[in-house]
Every structure is written in structure tokens, then in C-alpha cells.
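Secondary and tertiary structure notes
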Amino acid sequence: MIWNETKECMSRDEIHKLQSVRLSKMVDRVYHNVEFYRKKMQQMGLEPGDIVSIDDLKKLPFTTKNDLRDNYPFGLFAVPQSEVVRIHASSGTTGKATVVGYTRKDIDLWQECVARVLAMAGVGPQDKIQVAYGYGLFTGGLGLHYGAENLGATVIPMSSGNTQKLITMMQDFGVTAIACTPSYLLHIAETLEEAGQINNIQLKAAICGAEPWTENMRKEIEAKLHLKAYDIYGLSEILGPGVAADCEYHKGLHVYEDHFVPEIINPDTLEPCKEGEVGELVFTTLTKEALPLFRYRTKDLTSITYDKCECGRTLARIDRFKGRSDDMLIIRGVNVFPSQVETALLEIAETSPHYMLIVDRINNLDTLEVQVEVEERFFSDEIRQLESLTKKIAHVLQSALGLSVKVKLVEPKTIQRSEGKAKRVIDNRKLI
Amino acid sequence: MIKQLSVFVQNEIGSLANVTSVLKDNMINLRAIASFDTPEFAILRIVVDQPEKAKEVLNAGGFAVKVTEAVAVELEDKPGELDGMFRVIADAKLGVNYIYSIVLRNGKVPLMIVNTEDLTKTASVLKEHGYIVAEQEDVNA
Ligand SMILES: [Zn+2]
């Protein structure tokens, strides 16, 4: 079902017009309310009146995650704090969180976008949906929750963690839809299989996101659970989940272009890529009030097409993600930068800065092992002391990353040294 | 007291052989060896005839090595000897962390290497009770 046919099936001309009007209004508002952007525009000799059409978008400055961090916590907000009704945050690269805010209208916009995603996945008021993303500062749980309520579905706010309880309620309530990470859904499927209960469920749709996954994973999920699985994309800086999602044809993720303008750029030259060419995805918000962003660099690599989809939607589609233009890892929905591990290890006197991250997927759950070299000056003859060091490192890393970590002490000089940029990550998850 | 080397090794195939081959290549003779393992790593404890040289060559081979003192007690090959030693240590209110032994000593009696939280006190109470505590020279030959 198409939730908002007017907006999702506009002609490209109408999209162009709508985006142009919204962009020029947005730039004017941001110029007068956000010092950071006003200064940037002034430095570039740019005035709000110079932006009259969506074609002028490329004149605007880029925004990066660093800009958000430099203006921590509320420096980029374009409204007085009294108009902000919600804050979300995600862990940042240096311990400082990336903080995002929403006005009442932003929340409305968010739940509109998520309702479109769910409707596209065939979910409606007759459905019972378990939201098994984490609730809290992470945008996944509450984002899906409000969207599903807006749609009129019956929402069961599971959050993440208790698989047994989730399965019991799934069966007892006759749950028909679920929103969670794809790897967690596979884990649920295996737990059901082991209990011989895989055919005792009524799921028909799954809305999966917050981590990269492959077409093969979709096929596996669909075959095991006899449902249709859909891909949802988003990032908290722009909105949270619901910036884009795929339809039943699975030919790329439709971007809600009436609110977010996608661009694909070459991450080195920053020049726009041709349609179909892989580059870094960049978003400009058109309607966000609390945290409007110009040309935010997502670091996600993909390509875009503007062809009309078989489903009838005219919205541009971004392809499955091809990776990242930086070294960020997504592990169980949590963003992890190797530099975070390094910073955390530096806080522990007994460790060396030589480390390696081993990411794997075991029983469909992502695991992170951090290998740390034992340094002779801190090496003790006692096993107890080495074990407590292991625990201490695991604890520090867990609180820095927001993710449980397995720590392995390794012999000195066994972690590869390199002349240039050290290789810090071995990702054994087969994603492509 | 004698010198003992503790070497950090990962619990992996061949990791013990990596240590022993470094010793062999440098003509260092092992007198005793004991491995204390956890699922992830092990501490290999060894007594050798040339402790300083052993540390040097193991360090050069990339190993983390700790040289510590160890109490090595001469025990005669008869029932009750070990029991007597443990009693002396227990009566002195000392806890044993680990023990291992040197059995082959060219006709001499075996040595029991014992680690407690207070090695000096352990050596002295044992001596008070008539036990012979070996010195490094005793294991060099
Ligand atoms: Zn479509």
C-alpha cells in the first residue's frame, strides 16, 4: 500500500518544484538561526537569496560528523530549546555523543516517514508489530514505535535483548510484523527452529535495518520465516530510521525526497557522481526544524537512480550499500570506529597501542573481539592478574563503545605493524 | 633460591614449540617446564641452566618474559616427603600458588619448585625444618 500517494508518486517536475521551494525557505531560516552555517555562507560569499532552486544545492557547504561534534551538544540547533521536544544521541568517535533534536513537527515528519515505510512493507492497522530495536537514546526503537502507532498498527515495544520473551509474545499475540536488525531476526529464526516452533508463527513482514545486510541474508530470512523482509535506512543526524526504504520489488531504497535530498559525490573530489555511479551519499534536509543540515556527508557508499519504480513510486532509489568511505563498522546496530578503541586503550596504563579488531558473525549475531598485545613491563607471572587485566580492558571498551567486547591478550609484536595506515580491522562477516 | 622464567604464550597450536625452539637454537638446557593455561592464553614457567641468556633470546624472539625467584626444595624419594613440606608451609600460614618439579638431576634427589605469596619466608621456614633449598648453581650444572 502507498501511504502518501501525493508525495510518493509525484512527477519528477513536481518533486523539483517542491524541493526548490522548500530548500530556499530552509536556507533562509538556517541562515538566520544557525551561526555555524551563517558564517560558512558568509565565507563563501553566499546569501540566502542565492539559493532559489534545488539546482543551487551544490553551492551550499558540506556538513560532516565533525561539525556536529564541534558544536556539541546543541550548537547546530535552529530553534530555541523550548521548541525541542526530544533528544536522541549516538556514540561518537572520541567519547562525545552525536546529539540530535526534534521539534513536535519533526516527530510528526518522522512518524510520517516510518508509516510510509511500514505501509510499503504491507503493514497496516490490522497488524501487530514487535519493535525489537533498542529503545532509548538510539533512534531505532522509538523511531519505529511512533511510525507504527501513526500507521495504526498495534505496537509491542519489545526493545532488544530478551529473545525468549519476544518469541513467547510473538506466538501468544499472533504477531504479524517485526522490526529489528537482520542479524537479530536470523537469530530469532534459529531459536525458533531449535525449538521446533518455526511454523508456529504468523509473521508476514519484517522491517530490517541499522546494519548492512545482503540480498542473500534477505533470502535466508524470507525462506526460514516465510515472510517478506524489507530494508529500512536512516541515520540519526538526518532523521533516524525512515529516510529511505525498499518496496516489494527490492530494486533499491526509495528516498523520501519531499523531505530529504540525496546526492552522490566522489568522496575525494567532492564532485557529483553520474546517475548509477557509486559514490558517497549526501543528504540535505528540507523540512527538519530542530536540526536542519546542508549536504551532510553520510560516508555510506552507494549509487542512485531516478527512474520510476515498478511499484509506481517516482522517488529516487539508492542502491544497496557498497561500504563506507571511512573506517566505521556497524556491529549489532552500533557504530564503532577503530579510533574509539584506541582512545579507550590509551586510558588503560597497562596496554600497548597495538590492537586489532576482529568482527565476526557467529550464529547470526555480530561479535567483536579486540586483541591487545601483552607488554612485558606489565606482564605478571600470575594468571589472576592477567585475567583481571582482560576484564578491565573489556569493561573500559564496553563503556566506551556501548557494545560487549571479547578481549584477547596476545603475544607481543604479533599484531602486524605497518608503515602507513595500520590495518586495525579484520571483518569476517560475509556481506557482499 | 633459583631463577624461574615466566613466558606469556597464546593458547595456540605450536606456541610452546615456538618457545622451546628458541631455547634449543641457543643451546639453553631446560631443567623444568610447567604450563598453566586459561582458554585464551597460558603462562609457561621454565627453569633453565642460563636464565639471563634465556630471557635475552626469548625477548629477541618477541616473547614477554618475567624472571622471578623460585623456591626449589630437595625432596627425598620416599613416602611423606611432599606432605611434610606442605605441612611446614601451611603451619607458617602461607598459601601455595603452584608447584612443579625437577625430577631428573643426574642422580641427585628431585627438586620441588613451590610458589607462595612470600618466597623468602617460605625458604626460611623450610630451612628451619631441615629442608635443603637449592640455589641457581644447583640447577646450572
Ligand atoms: Zn518501488
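Bear in mind the structure is a predicted one, so any value in this text is a computation, not a measurement.

Residues and elements named next belong to chain A. The omega torsion of the bond from Tyr 72 to Pro 73 falls at -5°, within 30 degrees of zero and hence cis. Structurally, Pro 73 can be placed in the loop between helix 4 (65-70) and strand 1 (84-90). Positive phi, normally seen in glycine, also occurs at Arg 295, with a value near 40°. With respect to the element layout, Arg 295 can be found in the loop between strand 11 (279-285) and strand 12 (296-302). We classify Arg 295 as buried; its relative accessible area is 5%.

All names here are of chain A. Taken together, the protein donors to the zinc ion comprise Cys 247 (SG), His 254 (NE2), Cys 309 (SG) and Cys 311 (SG), at separations of 2.1 to 2.3 Å. One can describe the donor arrangement at the zinc ion as tetrahedral, given that its four donor atoms subtend angles of 103 to 114° at the metal. Ordering the donors of the zinc ion by residue number gives the pattern C-x6-H-x54-C-x1-C. On the accessibility criterion, Cys 309 (6% relative accessible area) is buried. With relative accessibility at 16%, the residue Cys 311 sits in the buried group.

Turning our eyes to something else, we now look at the interface of chain B and chain A. Of the residues lining the interface, 26 residues belong to chain B; the matching set on chain A comes to 19 residues. Summed over both sides, the interface of chain B with chain A buries roughly 1800 Å², with 55% coming from carbon and sulfur. Interface area lost by chain B to chain A is led by B:Phe8, B:Gln10 and B:Glu40, which between them contribute 32%. Where chain B packs against chain A, one counts four salt bridges. When the shortest N-O distance is used, the salt bridge between A:Glu376 and B:Lys55 registers 2.4 Å.

Another point: the domain arrangement of chain A. Residue and element names in this part refer to chain A. According to the domain assignment, chain A consists of domain 1 (5-326) and domain 2 (331-427). Once you take the C-alpha centre of each, domain 1 and domain 2 turn out to be 31 Å apart. In this assembly, domain 1 packs against domain 2 so that about 1100 Å² is buried in total across both faces, 48% of it on carbon and sulfur atoms. At the surface where domain 1 touches domain 2, the tally comes to one salt bridge. Put simply, Arg 361 and Glu 211 hold a salt bridge, and the shortest N to O gap is 3.9 Å. The tally of links between domain 1 and domain 2 comes to zero residue pairs in polar contact (both at pLDDT 80 or more). A per-element tally of the side of domain 1 that touches domain 2 places helix 8 (residues 182-194) first, with five residues. Split into classes, the residues belonging to the side of domain 1 that touches domain 2 amount to six nonpolar, five polar and four charged.

So, how was this worked out
- Residue indices begin from 1 for each chain and proceed along its sequence in written order.
- Both sets of labels track the order of writing: A upward for chains, 1 upward for ligands.
- The model is predicted, so local features are restricted to residues of pLDDT at least 70 and side-chain atom pairs to those at 80 or more, both for listing and for counting; the totals for chains, interfaces and linings are taken over all residues.
- In computing side-chain properties, one takes all heavy atoms of the structure into account and sets aside hydrogens as well as water.
- Note on conventions: DSSP H or I runs of at least 4 residues are helices, E runs of at least 2 residues are strands, and numbering of each starts at the N terminus.
- Only protein chains enter the accessibility calculation, which uses a 1.4 Å probe; a residue whose area is less than 20% of its type maximum is buried, one above 50% is exposed, and one in between is partly exposed.
- Metal donors: N, O and S atoms at distances within 2.8 Å, or within 3.2 Å for Na, K and Ca, with water omitted from the atom set so that some sites may seem incomplete.
- The geometry test gives tetrahedral to four donors whose angles all lie between 85 and 135 degrees, gives square planar to four donors and octahedral to six donors whose opposite members are over 155 degrees apart with all other angles between 65 and 115, and gives irregular to the rest.
- It only takes one pair of heavy atoms within 4.5 Å for two residues to be counted as in contact.
- Here the quantity called buried area is the total loss of accessible area, with a 1.4 Å probe, experienced by two parts when brought into contact, counted for both.
- Definition used for salt bridges: Asp or Glu carboxyl oxygen within 4 Å of a side-chain nitrogen of Lys or Arg.
- What fixes the domain bounds is an automatic or database domain assignment.
- Between N or O atoms, a polar contact is any pair within 3.5 Å; within protein, one atom must be a potential hydrogen donor and the other a potential acceptor, and residues adjacent in sequence are included only when both atoms are from side chains.
- Only Asp, Glu, Lys and Arg are considered charged, only Ala, Val, Leu, Ile, Met, Phe, Trp, Tyr, Cys and Pro nonpolar, and every remaining residue, Gly among them, polar.

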